[in-house]
Amino acid sequence: MLVRIDFDSEEAFYIQLRNQIIMGIAMSELQQGESLPSVRDLAESIGINMHTVNKAYTILKQEGYVRLDRRRGAVIAVDADKLMAEGELRKQLKTVVARALCKDLTPEEIRQTLDGVLEEFHAASEDE
């Protein structure tokens, strides 16, 4: 998985990194049990501070996407608690939908956009 940081973005680097790793898991670019690069190696390769990478890894651990292993570092370990994941999704979607409605998107436009995003993930998983 190739990580790219947008140095001109207003989004914090650790959030960009976190989001890209989650996308990599969702798109099956990163598999259960796979080790992520060390904090030092990843920081050097993308040109950011080690503390920034460490913060992203810590958040990913808290959110149930990775576990931290003393010998292997950060390892993909997706928390399979479906009920908890559904509740978190609902909470996040409420905010996203509210923002879309404030920008005058119709419910149908929101549904079409969501369907398009889901189709991208489905197509990516079929390409394997």
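In short, a report on the structure. (Residues numbered from 1 in each chain as written. Predicted model: local features only at pLDDT ≥ 70, side-chain atom pairs only at ≥ 80, totals over all residues. Heavy atoms only, no water.)

## Some points on the environment of Glu29
Applicable threshold: Put simply, DSSP marks the helices as runs of H or I at least four residues long and the strands as runs of E at least two long, and each gets a number from the N terminus on. Only protein chains enter the calculation, and the probe is 1.4 Å; a residue is then buried if its accessible area is under 20% of its type maximum, exposed if over 50%, and partly exposed in between. Here a residue-residue contact requires only that any non-hydrogen atoms of the pair lie within 4.5 Å.
Within the fold, Glu29 resides in the loop between helix 1 (13–26) and helix 2 (39–46). In this structure Glu29 comes out as partly exposed when scored by relative accessible area, which is 46%. Sequence separation between Glu29 and Met84 is 55 residues, and the spatial gap between their C-alpha atoms is 24 Å. Residues within four places of Glu29 in sequence aside, it is in contact with Met1, Gly24 and Glu34.

## Section: unusual backbone geometry
Notably, Ser28 is not glycine yet its phi reads approximately 65 degrees, a positive angle. As for its position among the elements, Ser28 is in the loop between helix 1 and helix 2. The phi dihedral of Asp104 is positive, around 70 degrees, even though this residue is not glycine.

## What to know about the pairing of strand 1 (residues 66–69)
As a reminder of what qualifies: One bridge is not enough; two strands pair if DSSP finds at least two bridges between them.
With 4 bridges connecting them, strand 1 and strand 2 (residues 73–76) associate as antiparallel partners. Residue pairing for strand 2: Leu68 is matched across the bridge by Ala74.

## Things to note about the side chain of Arg18
Mapped onto the fold, Arg18 is located in helix 1. Dropping the residues within four chain positions of it, Arg18 is found in contact with Ala56, Ile59, Leu60 and Glu63.

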